[in-house]
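# What the coordinates show
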Amino acid sequence: MGPPSESLKKIYVCGHLDGHHTKGCARLIVEHLSQRAYRRPVTPKEVTQLTSLIADVQKDGGSFEEGLATAIQAMLLSPHFLFRIERTPAAPLTLASTRSLSQYELASRLSYFLWSSMPDDALLAAASRGKLAQPAALVAQVHRMLLDPKSHALVENFGGQWLQVRKLESVKPDRKRFPEFDEYLRLSMRRETDLFFESIVREDRSILDFIDANYSYLNERLARFYNVPNVSGQEFRKVVFAADAHRGGLLGQASVLTISSYANRTSPVLRGKWVLENLVGAPPPPPPPDVPNLDEAATGLSSSMRQQLEQHRQNTICASCHTRMDPLGFGLENFDAIGAWRSREGQFTIDASGTLPDGRSFDGPRGLESILRAQPDVFAECLTRKLLIYALGRGLEPYDDAAVKKIVKSGGTDDYRFSSLILGIVKSEPFQKRRSERPR
Amino acid sequence: MIITGKRLPRRTFLQGVGTVIALPMLDAMVPAFARRAVLDLKAPIRVAFAYVPNGIVMKDWTPKTTGKDYEFTRILKPLEAFREDILVLSNLDSHTGNALGDGPGDHARAGASFLTGVHCRKTAGADIRGGVSVDQIAAAKLTGATRFSSLELGCEDSRTVGDCDSGYSCAYTNSLSWRTPQTPMPPEVNPRAAFERLFGTEDLSLDPQTRARRAKYRKSILDMVSQDTRSLVKTLGPADRRKMDEYLFQCARLNDGLRVQKKTRVRLRPLSIGLLREYRSSFLSM
């Protein structure tokens, strides 16, 4: 047998030779591994349970390694590994009660929030010394974790869900209408949004950059698609857009524009809904029963999309939501169903103006962006809610509202930097505490 | 819907069709074993439900006439050799899959009502309510004869949370199979994971004693974690408890599998390459 690999060294804490495999050593190995797996100190009883598996295997004539492999299987199948266990406080009969999380529970919440993975040694060590209860130490941990490459998981998982760009994997734009859409473009679109999001996290930029940053990350393929000159090669690099580039901010990214379209055409309704849901935080309710569909075949031929939707809004039930959705979507009509810039659709010149229910009007994507930018707290609250849901793994309830407002307010005093929202969440009551479910 | 005792088409469906719910697959590949011991075993009768979500060109599907001597249509043609074993049933439209005042969401309702006959509650939240599906009723009743009481397989997307269709939970769109009205059984969509579930990741080159010992340890492991879970459940709130019940159910399912495997002593093996080819060509001809 050659020298033990790195992972074997991590397992065999008291040496790898057969002679080292004493009973005491088995306990040490098991304790060490199960602490990592369960993300907390383990009880002597738990260790005994696992070492007895090793002993059973050895009694049957199996090797120590085989016994250890069995014990490791047991750890990996254990609910303490597979689930994040937070004990529920004993509730009084009528009222819901809350309790502060233990240091280890908090460490797990932090690491699954920011890394989608278990706490590392440094975080567990901080928990064991009670450091996470000290604000300064907690802040330092969060900054350390955001800078760690593992925070890419936040970009990919949270970003993918919030912006719905995961849908890119399954969109199938009409091949006849969009022959330039291929796998390479699909992957490039997703990569742009990931890298853009990551820059906001890593450089701790203001979240308002999501709305109207003047830069993004492009490779040659995407640059050609966007009509941006002087980008060659496969690698993505930061590109600062010229003032007339039509790009910058999420609403100019092909990923977002594609997943909010149908396979064969744009949908101002879907795009408007996307903006309301993900940037404004005011999703429209699902459509009422028995609404007629748009005559898709006729779009661009007999009447423009705008005319058709205007007709749709004549119906007062439809209008209650569509007056909110459609104008936002119209603002993005210069982008086709896979996000390429256009000035005409069929025989009609694109009209990208819109008027919101409150009377404010705008023209084109830039105009839409300045409308969103004018109310930074609205976007900040929307993003805070999404982040908090992700961090807690549950939907928000009315009793969470106060915490949300507080996070947004403190973010506002710090230019809405990304870390200010994350820190606000980490320090918030819903994140720090656990509530018993109300008895039913 | 096709119900048949023949073996060949089943794998065909598994490969080709939108979503499949199949009852046991243990020695499903009996013809693939050219081994007497296995051939002597009487294969349990199985039930499979296949679902094609994007629809079928019905004029090339439905036979023109009713009764025994109907002419096979273009799509059904490859099944003609099994005429004696096949019934083609029409007029099985599911009324409960209609809107019934709930507005858009046909995709979700179609999936949720297909095997349950229940009109599901319109919600995208955690308060889902469908119905128990017929395959799960059968699975619960027929459990014990095979390693798995049921298998749920699909081609894409097995999420059970979030809004997948006009205010309907993804659980409705993605799960045809429901163990209880609140418990969808999401399909396995990763062919590799399905394969490993059927045939295990066990090293078949090991000697029989070693493999028997490992099976025994798997049982001790499952016993240990089940016991742990039961004591853990007492300390949890109702929502977490439901999650743990699911986990316990899956542990029990694995344990049952081990028991049946021991009883039948059937060695599981993947299909031979030749047979895979045969299935592939009959699939392509459909």
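Along the backbone of chain B there are nine helices and seven strands. Within chain B, the fraction of its 286 residues that count as buried is 41%. A fraction of 63% describes how many contacts in chain B between residues 6 or more apart in sequence connect residues 24 or more apart. Counting only carbon and sulfur atoms, one obtains 56% of the accessible surface of chain B, whose full area is about 15,800 Å².

This next bit is on the environment of Lys234(B). Residue and element names in this part refer to chain B. Here Lys-234 lies in the loop between helix H7 (208–233) and helix H8 (238–264). We classify Lys-234 as exposed; its relative accessible area is 67%. Lys-234 sits 102 residues away from Val-132 along the chain, and the two C-alpha atoms are 27 Å apart.

Before going further, it helps to spend a moment on the domain arrangement of chain A. Residue and element names in this part refer to chain A. Each assigned domain of chain A is listed here: domain 1 (5–82), domain 2 (102–147 + 375–440), domain 3 (150–259) and domain 4 (265–367). Computed from C-alpha atoms alone, the centre-to-centre distance between domain 2 and domain 3 is 27 Å. On the domain 3 side, the residues contacting the 23 residues of domain 2 number 19 residues. Summed over both partners, the interface of domain 2 with domain 3 buries about 1,900 Å², with 72% contributed by carbon and sulfur atoms. Interface area lost by domain 2 to domain 3 is led by Phe-379, Tyr-390 and Phe-418, which between them contribute 34%.

With that out of the way, let us pick up the packing of helix H3 (residues 44–59) of chain A against helix H4 (residues 64–77) of chain A. Residues and elements named next belong to chain A. Interhelical geometry of H3 versus H4 gives an angle of 145° and a closest axis separation of 8 Å. Crossing hand, H3 versus H4: right-handed. In this structure, H3 uses Leu-50, Leu-53, Ile-54, Val-57 and Gln-58 to contact H4, whose residues at the interface are Phe-64, Glu-66, Gly-67, Leu-68, Thr-70, Ala-71, Ala-74 and Met-75. Taken together, the residues that form the contact of H3 with H4 break down as nine nonpolar, three polar and one charged.

With that settled, consider the interface of chain A and chain B. At the junction of the two partners, chain A supplies 28 residues and chain B supplies 29 residues. Counting each side, the surface lost to burial between chain A and chain B is near 2,300 Å², with a carbon and sulfur contribution of 64%. Here chain A and chain B share three salt bridges between them. Between Lys216(B) and Asp60(A) there is a salt bridge, with the nearest N and O atoms lying 2.6 Å from each other. Inspection of the region where chain A meets chain B yields six residue pairs in polar contact (both at pLDDT 80 or more). Among the secondary structure elements, those contributing two or more residues to the side of chain A that touches chain B are H3, H4 and helix H5 (79–82) of chain A. Tallied by class, the residues present in the side of chain A that touches chain B amount to 13 nonpolar, seven polar and eight charged.

Counted by the stated rule, this structure contains two disulfides over all chains. With a sulfur-sulfur separation of 2.1 Å, Cys14(A) is cross-linked through a disulfide to Cys25(A). Around the S-S axis, the bridge from Cys14(A) to Cys25(A) shows a dihedral of about 90° and counts as right-handed. With Cys14(A) in the loop between helix H1 (6–11) and helix H2 (23–38) and Cys25(A) in helix H2, this residue pair connects regions lying 11 residues apart in the sequence. Between the sulfur of Cys164(B) and that of Cys170(B) lies a disulfide, 2.1 Å long from S to S. Between Cys164(B) and Cys170(B), the S-S dihedral sits near 90°, and the bridge is therefore right-handed. The class for Cys164(B) is partly exposed, based on a relative accessible area of 27%. Left without a disulfide partner, Cys155(B) is nearest to the cysteine sulfur of Cys164(B), which lies 16 Å away.

Residue and element names in this part refer to chain A. Where H2 meets H4, the axes come as close as 10 Å, and the angle between the chain directions of the two elements is 25°. Judged on the interaxial angle alone, H4 and H2 are roughly parallel. Seen along the crossing, H2 lies across H4 with a hand that is right-handed. Of H4, the residues touching H2 (which contributes Ala-26, Ile-29, Val-30, Leu-33, Ser-34 and Tyr-38) are Phe-64, Leu-68, Ile-72 and Met-75. The class makeup of the residues in the contact of H2 with H4 is nine nonpolar, one polar and no charged.

Glancing now at the packing of aromatic side chains. Residues and elements named next belong to chain A. A full pass over the atoms with the stated rule returns 21 aromatic pairs over all chains. Look at Trp-162 and Phe-197: their rings are 6.1 Å apart centre to centre, the planes differ by 90°, and that puts the pair in the edge-to-face class. Of this pair, Trp-162 sits in helix H9 (residues 152–162) while Phe-197 sits in helix H10 (residues 183–202); the two residues are 35 residues apart in sequence, bridging distant segments of the chain. Among the residues examined, Trp-162 registers a relative accessible area of 2% and is labelled buried. Cluster of aromatic residues (ring-pair linked, three or more members): Phe-113, Phe-158, Trp-162, Phe-196, Phe-197, Phe-210, Tyr-215, Tyr-217, Phe-379, Tyr-390, Phe-418 and Phe-431. Looking at Arg-109, its charged tip hangs above the ring of Phe-431, at a distance of 6.0 Å from the centre.

Within the secondary structure, Asp244(A) is located in the loop between strand E3 (237–240) and helix H13 (254–259). Along the chain, Asp244(A) and Trp115(A) lie 129 residues apart, while their C-alpha atoms are 38 Å from each other.

Let us look at helix H18 (residues 376–392) of chain A. Between its first and last C-alpha atoms H18(A) spans 24 Å; for 17 residues at 1.5 Å apiece the expected length is 24 Å, and the two agree. Every buried residue of H18(A) is listed here: Phe379(A), Ala380(A), Cys382(A), Leu383(A), Thr384(A), Leu387(A), Leu388(A), Tyr390(A), Ala391(A) and Leu392(A).

Residues and elements named next belong to chain A. The backbone of Arg-39 shows a phi angle near 60°, a positive value even though the residue is not glycine. Position of Arg-39 among the secondary structure elements: in the loop between H2 and H3. By relative accessible area, which is 4% here, Arg-39 ends up buried.

Now for the confidence of the model for chain B. All names here are of chain B. When pLDDT is averaged along chain B, the result is 76; 75% of the residues meet or exceed 70. In this model residues 1–39 is a low-confidence stretch, pLDDT under 50, and it forms 105 contacts with partners more than four residues away in sequence or in other chains. Prediction confidence for the complex, expressed as pTM and ipTM, is 0.79 and 0.73 respectively.

With that settled, consider the pairing of strand E2 (residues 215–218) of chain A. Residue and element names in this part refer to chain A. In E2, alternate side chains face the same way, and those of Tyr-215 and Tyr-217 on one face and Ser-216 and Leu-218 on the other are all buried. Of the pairings in the sheet, the one linking E2 to E3 comprises four bridges and is antiparallel in character. For Tyr-217, the partnering residue across the bridge sits in E3 and is Lys-238.

Before going further, it helps to examine the nonpolar core. Phe113(A), Leu114(A), Trp162(A), Phe210(A) and Ile422(A) are the most contacted members of the largest nonpolar core, which totals 96 residues. Residues contacting Phe210(A), with those up to four places away along its chain left out, are Trp162(A), Phe196(A), Phe197(A), Ile200(A), Gly249(A), Leu250(A), Phe379(A) and Leu383(A).

A word on the pattern of salt bridges. If charged atoms from side chains of opposite charge come close, those side chains can pair. Following the criterion strictly, the structure yields 40 salt bridges over all chains and no others. Taking the shortest distance from any N to any O, the salt bridge between Arg237(A) and Glu235(A) comes out at 3.6 Å. Residue Arg237(A) is classed as partly exposed on the basis of its relative accessible area, which comes to 26%. With a shortest N-O distance of 3.9 Å, Glu84(B) and Lys68(B) are connected by a salt bridge. Of this pair, Glu84(B) sits in the loop between strand E2 (48–51) and helix H3 (106–114) while Lys68(B) sits in the loop between E2 and H3, and the two are 16 residues apart along the sequence. Overlapping salt bridges bring together Glu381(A), Arg385(A), Asp401(A) and Lys405(A) as one network.

Conventions and cut-offs
- Residues numbered from 1 in each chain as written.
- Chains lettered and ligands numbered in written order.
- Predicted model: local features only at pLDDT ≥ 70, side-chain atom pairs only at ≥ 80, totals over all residues.
- Heavy atoms only, no water.
- Helix = DSSP H or I, 4+ residues; strand = E, 2+ residues; numbered from the N terminus.
- Buried < 20%, exposed > 50% of the residue type's maximum accessible area, 1.4 Å probe, protein only.
- Contact = heavy atoms within 4.5 Å.
- Areas by Shrake-Rupley, 256 points an atom, 1.4 Å probe, with all protein chains shown as cover.
- Domains from an automatic or database assignment.
- Buried area = accessible area lost by both parts, 1.4 Å probe.
- Axes fitted to C-alpha atoms, helices over the stretch in contact; angles between N-to-C directions.
- Left-handed = near helix turned anticlockwise from the far one by under 90°.
- Nonpolar A, V, L, I, M, F, W, Y, C, P; charged D, E, K, R; others polar.
- Salt bridge = Lys/Arg side-chain N within 4 Å of Asp/Glu carboxyl O.
- Polar contact = N/O pair within 3.5 Å; in protein donor to acceptor, adjacent residues only side chain to side chain.
- Disulfide = S-S within 2.5 Å.
- Parallel < 35°, antiparallel > 145°, perpendicular 65-115°, else oblique.
- Phe/Tyr/Trp six-rings, centres within 6.5 Å; stacked < 30°, edge-to-face > 60°.
- Lys NZ or Arg CZ within 6 Å of the ring centre and 35° of its normal.
- Expected span 1.5 Å × (residues − 1).
- pLDDT = per-residue confidence, 0-100.
- Pairing = 2+ DSSP bridges.
- Core = buried A, V, L, I, M, F, W, Y, C linked by side-chain atoms within 4.5 Å.

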